[in-house]
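The primary structure of each chain is shown beneath.
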Amino acid sequence: MLDLSFNTPVLFLVLSLLLGWFLDLLLGDPIGMPHPVVFFGKLIAKGEHLLNHGTYRRWKGGLLALTLILGVFFSAFLLFRWLLSWPVAYIAVCTLTVFFCLAGTTLIREVRLVFEAVDRSLSEGRRQVARIVGRDTQELSAQEVRTAALETLAENLSDGVIAPLFWLALLGPAGMLAYKMVNTLDSMIGYRTDRYREFGCVAARIDDVANYLPARLTAFLMVVASGRLSLLRFVARNGRRHASPNSGYPEAALAGVLNCRFGGPHPYFGQMVDKPYIGDNNRELTTDDMKKAVWLNRTAEVIMLLMLLALFSIV
């Protein structure tokens with residue numbers, strides 16, 4: 001493995017990883033606490049407001065994306081290199097970086113709330129799921145509400161947990177932060193709508209590249225966590241059905257484990273997007289399915305954490 005973690009002592013990185021992961025497990029994203037992703041979002045929104053008009057939108061969107069991603073990486077690179085002279089400060093800042101970049105606990109809580117809400121009333125379930133999905137939710141059925149929540153849970157395991165840890169291992173904490181900028185750009189402007197099709201296409205492609213290996217690793221870890229390695233064939237066959245080159249793989253892994261069906265047509269920003277189906281069994285999803293999906297996510301997350309600790313122990 002290339003030493004791209006700025007020559008920081010391995011012990012510092014291990015301590016930061018464990019502390020940051022434990023904070024996410026314990027706290028999730030505390031309401032009202034300053035968060036770098038909020039700051040990233042404000043930068044993206046300002047840049048989009050200034051540049052997303054007139055001609056050359058693709059070039060302007062690409063310039064914005066590259067400037068923000070590289071700016072975050074090199075700013076963090078210099079910060080962490082400077083902090084090496086103060087080990088306690090380095091560990092504290094690196095711990096907060098890991099904590100802020102992981103998003104496993106919050107999404108799990110939100111998905112649980114969606115299932116609890118839809119069990120009480122369909123309208124409440126629609127309102128609750130709107131907090132975590134980009135699609136229009138006003139006309140969703142109870143089954144579609146549950147499906148949307150579980151699809152998001154599977155995707156978030158990749159985007160919110162496995163991918164940040166992957167980039168931490170590869171490029172250190174600066175790489176982890178840069179990945180969060182990539183992911184935030186895609187979540188804000190990486191849509192195939194009239195407004196973002198040109199302006200956000202470069203950001204979307206960068207996100208595809210950044211998630212290519214993590215998405216497939218996520219699916220593999222989910223299958224390992226299930227103890228049913230035969231599902232790898234199901235994932236390979238169904239993962240490529242998704243319009244995204246990456247999102248289909250963790251969704252396919254969860255669909256295989258639960259023996260259910262994801263995908264289908266969904267409204268986004270007033271436009272109907274026809275997603276291919278992943279899986280064949282269009283059965284009703286239940287709270288037990290949610291609990292199994294949560295357990296699968298947590299187990300895959302722990303396996304990834306152990307893999308990183310093993311990696312850091314030999315470098």
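Up top you'll find the structure we're talking about.
Residues numbered from 1 in each chain as written. Predicted model: local features only at pLDDT ≥ 70, side-chain atom pairs only at ≥ 80, totals over all residues. Heavy atoms only, no water.

Caption draft 1: Local environment of the overall build of the protein. Check the secondary structure of the protein and you find 11 helices and two strands. Secondary structure elements in the protein, listed N-terminal to C-terminal, are α-α-α-α-α-α-α-α-α-α-β-β-α. At 19 Å, the protein has a C-alpha radius of gyration in line with the 20 Å of a compact globule built from 315 residues. A principal-axis box enclosing the C-alpha atoms of the protein has dimensions of 55 × 50 × 40 Å. The burial tally for the protein puts 51% of its 315 residues in the buried class. Element-wise, carbon and sulfur atoms account for 65% of the exposed surface of the protein, whose accessible area totals about 14900 Å². For the protein, the distance from the average position of its 31 positive side-chain charges to the average position of its 26 negative side-chain charges is 2 Å. (Helix = DSSP H or I, 4+ residues; strand = E, 2+ residues; numbered from the N terminus. Rg over C-alpha atoms; globule rule 2.2 N^0.38 Å. Buried < 20%, exposed > 50% of the residue type's maximum accessible area, 1.4 Å probe, protein only. Areas by Shrake-Rupley, 256 points an atom, 1.4 Å probe, with all protein chains shown as cover. Lys, Arg positive; Asp, Glu negative; His and termini not counted. Charge placed at Lys NZ, Arg CZ, Asp CG, Glu CD.)

Caption draft 2: Quick look at unusual backbone geometry. Here the phi dihedral of Tyr56 falls at roughly 55°; this positive angle occurs in a residue that is not glycine. Relative to the assigned elements, Tyr56 resides in the loop between α2 (36–51) and α3 (57–83). Within the chain, Asn259 stands out as a residue other than glycine whose phi angle is a positive 55°. Its place among the elements puts Asn259 in the loop between α10 (248–258) and β1 (262–268). Residue Asn259 is classed as partly exposed on the basis of its relative accessible area, which comes to 47%.

Caption draft 3: Up close: the packing of helix α6 (residues 122–129) against helix α7 (residues 142–189). Interaxial distance between α6 and α7 falls to 10 Å at its minimum, and their mutual angle equals 25°. Overall, the two elements α6 and α7 adopt an arrangement that is roughly parallel. Our pair here, α6 against α7, has a crossing hand that is left-handed. Between α6 and α7, the residues in contact are Leu122, Gly125, Arg126 and Val129 and Ala142, Val145, Ala148 and Ala149, respectively. (Axes fitted to C-alpha atoms, helices over the stretch in contact; angles between N-to-C directions. Parallel < 35°, antiparallel > 145°, perpendicular 65-115°, else oblique. Left-handed = near helix turned anticlockwise from the far one by under 90°. Contact = heavy atoms within 4.5 Å.)

Caption draft 4: Representation of the nonpolar core within the structure. Formed by 87 residues in total, the largest nonpolar core has its most connected members in Val111, Val129, Leu150, Leu165, Leu185 and Leu254. Here this core takes 23 residues from α7, the largest share from any one element. If sequence neighbours within four positions are ignored, Leu185 has contacts with Ile44, Ala65, Leu68, Ile69, Gly190 and Ala203. (Core = buried A, V, L, I, M, F, W, Y, C linked by side-chain atoms within 4.5 Å.)

Caption draft 5: Local environment of the packing of aromatic side chains. One pass over the full model with this rule turns up eight aromatic pairs. Ring geometry for Phe12 and Tyr90: centres 6.0 Å apart, planes at 40°, overall tilted. Here Phe12 is found in helix α1 (residues 10–27), whereas its partner Tyr90 is found in helix α4 (residues 87–101), with 78 residues between them in sequence. On the accessibility criterion, Phe12 (15% relative accessible area) is buried. With relative accessibility at 0%, the residue Tyr90 sits in the buried group. Taking 6.4 Å as the distance between ring centres and 45° as the angle between the ring planes, the aromatic pair formed by Tyr191 and Tyr196 counts as tilted. Cluster of aromatic residues (ring-pair linked, three or more members): Phe12, Phe80 and Tyr90. The residue whose ring lies beneath Arg216 is Tyr212, and the NZ or CZ to ring-centre distance is 3.7 Å. Here the guanidinium or amino end of Arg261 rests over the ring plane of Tyr277, the centre of that ring lying 3.7 Å away. (Phe/Tyr/Trp six-rings, centres within 6.5 Å; stacked < 30°, edge-to-face > 60°. Lys NZ or Arg CZ within 6 Å of the ring centre and 35° of its normal.)

Caption draft 6: Up close: the environment of Leu165. Of note, Leu165 is situated in helix α7. Placed 155 residues apart in sequence, Leu165 and Val10 show a C-alpha to C-alpha distance of 15 Å. Not counting the four nearest positions on each side in its chain, Leu165 is found in contact with Leu17, Leu102, Met176, Met304 and Leu308.

Caption draft 7: Geometry of α6. For α6, the set of buried residues is Gly125, Gln128 and Val129. The buried residues of α6 all sit within an arc of 90° when viewed along its axis, so they share a single face. Where α6 is buried, its residues touch α5 (104–120) and α7. (Arc of directions from axis to C-beta.)

Caption draft 8: The side chain of Asn183, seen in detail. If you trace the backbone, Asn183 turns up in helix α7. Classification of Asn183 as buried rests on a relative accessible area of 15%. Other than its neighbours up to four places away in sequence, Asn183 contacts Asp159, Asp207 and Asn211.

Caption draft 9: A look at the pattern of salt bridges. Summed over all chains, the structure comprises 10 salt bridges. Linking Glu124 and Arg120 is a salt bridge whose minimum nitrogen-to-oxygen distance equals 2.5 Å. (Salt bridge = Lys/Arg side-chain N within 4 Å of Asp/Glu carboxyl O.)

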